[in-house]
Amino acid sequence: MPVNAAEFTAQDHGYMQRAIDIAALGLYTTTPNPRVGCVIVRDGHVVGEGWHARAGEPHAEVHALRQAGELARGATAYVTLEPCSHHGRTPPCADALLAAGVARVIAAMRDPNPLVAGRGLARLAAAGVAVASGLLQAQALAQNAGFISRMVRQRPWLRLKTACSLDGRTALANGESKWITGAAARADVQRWRARSCAMLTGIGTVLADDPQLTVRDFPVERQPLRVVLDRELRTPPSAKLLAMPGVLLFTAAQDATRQAALRERGAEIVMLPVAGNRLPLAMVLAALAQRGCNEVMLEAGATLAGSALRAGLVDELLLYQAPVLLGDPGRGVASLELASMQDKLVPRVIERRMLGDDLRTHMLFTPY
Ligand code: AOF
Ligand code: ZN
């Protein structure tokens, strides 16, 4: 049964850290699956390592066991996620670890997937394997915040990204917004896009900026789904967004001609009811979770960013601030229309970092 965290040794910590580091190699590719790493150690030597690369391909444990071969017998396996117990696209890792004769399994966290949820470790323990969970759990939770969110809350992890001036402006009054931040900050944004399952924006941004919302200047084997909240279906069929497939438009507009023109351009259209003049963002997120989206990145103007924040749906906030002054009256990060100082939103700052001349503040509304 799970042992006390205090019983883990420095060696245990080191091997689990290695497992987390190699799990990160799957950062951009495992979706909808979690990022998982596995290190197998026997007599103080690493005899096998593996990480999950893509859904449908072997899990981390299977790669590590293949490398270890006979040396897995009597060894300890460090896994960043509880070994699975179910037949999914691949057979159960708990069975593979048992068949290989592993003596001890340490997981960083339990698998929140209801198909597993403790059964993987229970099966191992029932067969006489020493099992423990919770080693470097905080890091494991952070690495898979999106997968966990989808499993536990049936909605993706929502990360809002915004770039502004020293005085919190995202554009001039005339709408001009290119470019406030520098090259290093913009390259950083591309990496966050690349790990996302979907990019979410509003029709306001599509009409004002005609963005592509794709990952550029960074090698990716999959592009995030691009999603627009477009209540009245005003996305022009000529929008740059539609130059590549993989666009989802949420709308309440029945207009068959416009729908046909956008479908012609490859967009998928999903009808939603309107709630108080707005598309219900919670339903949009639920629909994205159903499609297997773990991490969704919101890049939008003050209106949509504001509604997401006010609805309490933003889990993480990335704010890139350039050392420039744009002055009033420009556009702000999010319209919140707060009546009282008591209502102010106070995310927890987890890191501040310079990117070129810009400052990136990384904040959480939801703890990992
Ligand atoms: C593990 N090790 O490396 C991963 C696990 O469809 P499948 O067979 O790929 O199963 C996907 C589920 O397996 C996923 O939802 C999660 O619960 C677990 N992922 N488990 O033991 C791994 N990637
Ligand atoms: Zn597995």
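Residues numbered from 1 in each chain as written. Chains lettered and ligands numbered in written order. Predicted model: local features only at pLDDT ≥ 70, side-chain atom pairs only at ≥ 80, totals over all residues.

Details of the overall build of the protein chain
Helix and strand counts for the protein chain come out as eleven helices and 16 strands. A compact globule built from 368 residues would reach a C-alpha radius of gyration of about 21 Å, and the protein chain, at 23 Å, matches this within 12%. Seen through its principal axes, the protein chain has C-alpha atoms that stretch 70 × 45 × 40 Å. In the protein chain, which comprises 368 residues, the share counted as buried stands at 45%. (Helix = DSSP H or I, 4+ residues; strand = E, 2+ residues; numbered from the N terminus. Rg over C-alpha atoms; globule rule 2.2 N^0.38 Å. Buried ≥ 20, exposed ≤ 12 C-beta atoms within 10 Å, placed from the backbone.)

What to know about the site of ligand 1
Contacts to ligand 1 come from 18 residues, most closely from Val36, His59, Gly88, Arg89 and Asn113. Classifying every residue of the shell around ligand 1 gives nine nonpolar, six polar and three charged. (Near = placed C-beta within 6 Å. Nonpolar A, V, L, I, M, F, W, Y, C, P; charged D, E, K, R; others polar.)

Thoughts on the sheet that holds strand E5 (residues 130–133)
Strand order in the open sheet formed by five strands is E2-E1-E3-E4-E5, with mixed pairing between adjacent strands. Looking at which strands have only one partner, the edges of the open sheet turn out to be strand E2 (45–51) and E5. Sheet twist, expressed as the average angle between the axes of neighbouring strands with direction ignored, equals 15°. Here strand E1 (residues 37–42) runs beside E2; their pairing, made up of six bridges, is antiparallel. If you follow Cys38 over to E2, its bridge partner there is Gly50. Against the sheet, helix H1 (residues 10–23) touches E1, E2, strand E3 (76–79) and strand E4 (104–107), its axis set at about 145° to E1. Strand contacts of helix H2 (residues 60–68): E1, E2 and E3, with the helix running at about 145° to E2, the strand carrying the most contacts. (Pairing = 2+ DSSP bridges. Axes fitted to C-alpha atoms, helices over the stretch in contact; angles between N-to-C directions. Contact = placed C-beta atoms within 7 Å.)

Concerning the UniProt feature "binding site: NADP(+)" (unreviewed entry) in the protein chain
The residues that UniProt annotates with the feature "binding site: NADP(+)" (unreviewed entry) are Ala163, Trp179, Thr205, Asp209, Gly301, Ala302, Thr303, Leu304, Ala305, Gly306 and Ser307. These residues run over 145 residues, and the two farthest C-alpha atoms among them are 24.7 Å apart, placing them at more than one spot. Looking at where Trp179 falls in the secondary structure, it is placed in the loop between strand E7 (169–171) and helix H7 (183–195). Note on Trp179: 10 C-beta atoms within 10 Å, which makes it exposed. With respect to the helices and strands, the residue Thr205 is situated in helix H8 (residues 203–209). Residue Thr205 is classed as buried on the basis of its C-beta count, with 21 C-beta atoms lying within 10 Å. Residues within four places of Thr205 in sequence aside, it is in contact with Pro211, Ala300 and Gly301. (UniProt positions renumbered as here; feature names shortened; annotations may be inferred.)

Focus on H7
Note on helix geometry: an α-helix contains 3.6 residues per turn, so any two residues three or four positions apart are oriented the same way. Look at H7: 19 Å from first C-alpha to last across 13 residues, which is about the 18 Å you get at 1.5 Å a residue. Taken as a whole, H7 has its buried residues at Ala185, Val189, Arg193, Ala194 and Arg195. At its buried positions, H7 is contacted by strand E6 (157–164), strand E8 (198–202), strand E12 (295–298), strand E13 (316–321), strand E15 (348–355) and strand E16 (358–364). (Expected span 1.5 Å × (residues − 1).)

Thoughts on the nonpolar core
Proteins that are soluble and globular tend to have nonpolar side chains buried together. Residues Leu158, Ala198, Val296, Leu298, Ala305 and Ala308 are the most contacted members of the largest nonpolar core, which totals 54 residues. Setting aside residues up to four positions removed in sequence, Leu298 forms contacts with Leu158, Arg159, Leu160, Leu200, Ala305 and Ala308. Counting 44 residues, the second largest nonpolar core, distinct from the first, contains Met16, Cys84, Ala132 and Leu135. (Core = buried A, V, L, I, M, F, W, Y, C linked by C-beta atoms within 7 Å.)

Brief notes about the environment of Cys197
Considering the arrangement of structural elements, one finds Cys197 in the loop between H7 and E8. For Cys197, a count of 24 C-beta atoms within 10 Å puts it in the buried group. Each residue touching Cys197, except ones within four places of it in the same chain, is listed here: Thr31, Pro156, Pro224, Leu225, Cys293, Asn294, Glu295 and Val296.

Description of the environment of Ala289
Tracing the chain through its elements places Ala289 in helix H10 (residues 281–290). Note: C-alpha distance between Ala289 and Leu172 (117 residues apart in sequence) is 35 Å.

Comments concerning the UniProt feature "active site" (unreviewed entry) in the protein chain
The UniProt feature table records "active site" (unreviewed entry) at Glu61. The residue Glu61 is located in helix H2 in this model. Apart from residues no more than four positions distant in its own chain, Glu61 is found in contact with Cys38, Gly50, Ala77, Val79, Pro83, Cys93, Ala96 and Leu97.

Examining the environment of Gly56
The residue Gly56 is located in the loop between E2 and H2 in this model. For the pair Gly56 and Arg89, spaced 33 residues apart in sequence, the C-alpha separation works out to 5.3 Å.

Overview of the sheet that holds E12
Reading across from one edge, E11-E10-E9-E8-E12-E6-E13-E16-E15 is the order of the nine strands in this open sheet, with mixed pairing throughout. Of all strands in the sheet, those bounded by a partner on one side alone are strand E11 (268–271) and E15. Taking each pair of neighbouring strands and ignoring which way they run, the sheet shows an average axis angle of 20°. When strand E10 (residues 247–251) meets E11, the two strands line up parallel, connected through four bridges. Along E11, the bridge assignment pairs Thr251 with Met271.

Focus: unusual backbone geometry
In this structure, the amide linkage connecting Thr31 to the following residue, Pro32, adopts the cis form with an omega of 5°. On the secondary structure map, Pro32 appears in the loop between H1 and E1. Backbone geometry places Asp43, a non-glycine residue, at a positive phi of 50°. Relative to the helices and strands, Asp43 is located in the loop between E1 and E2.

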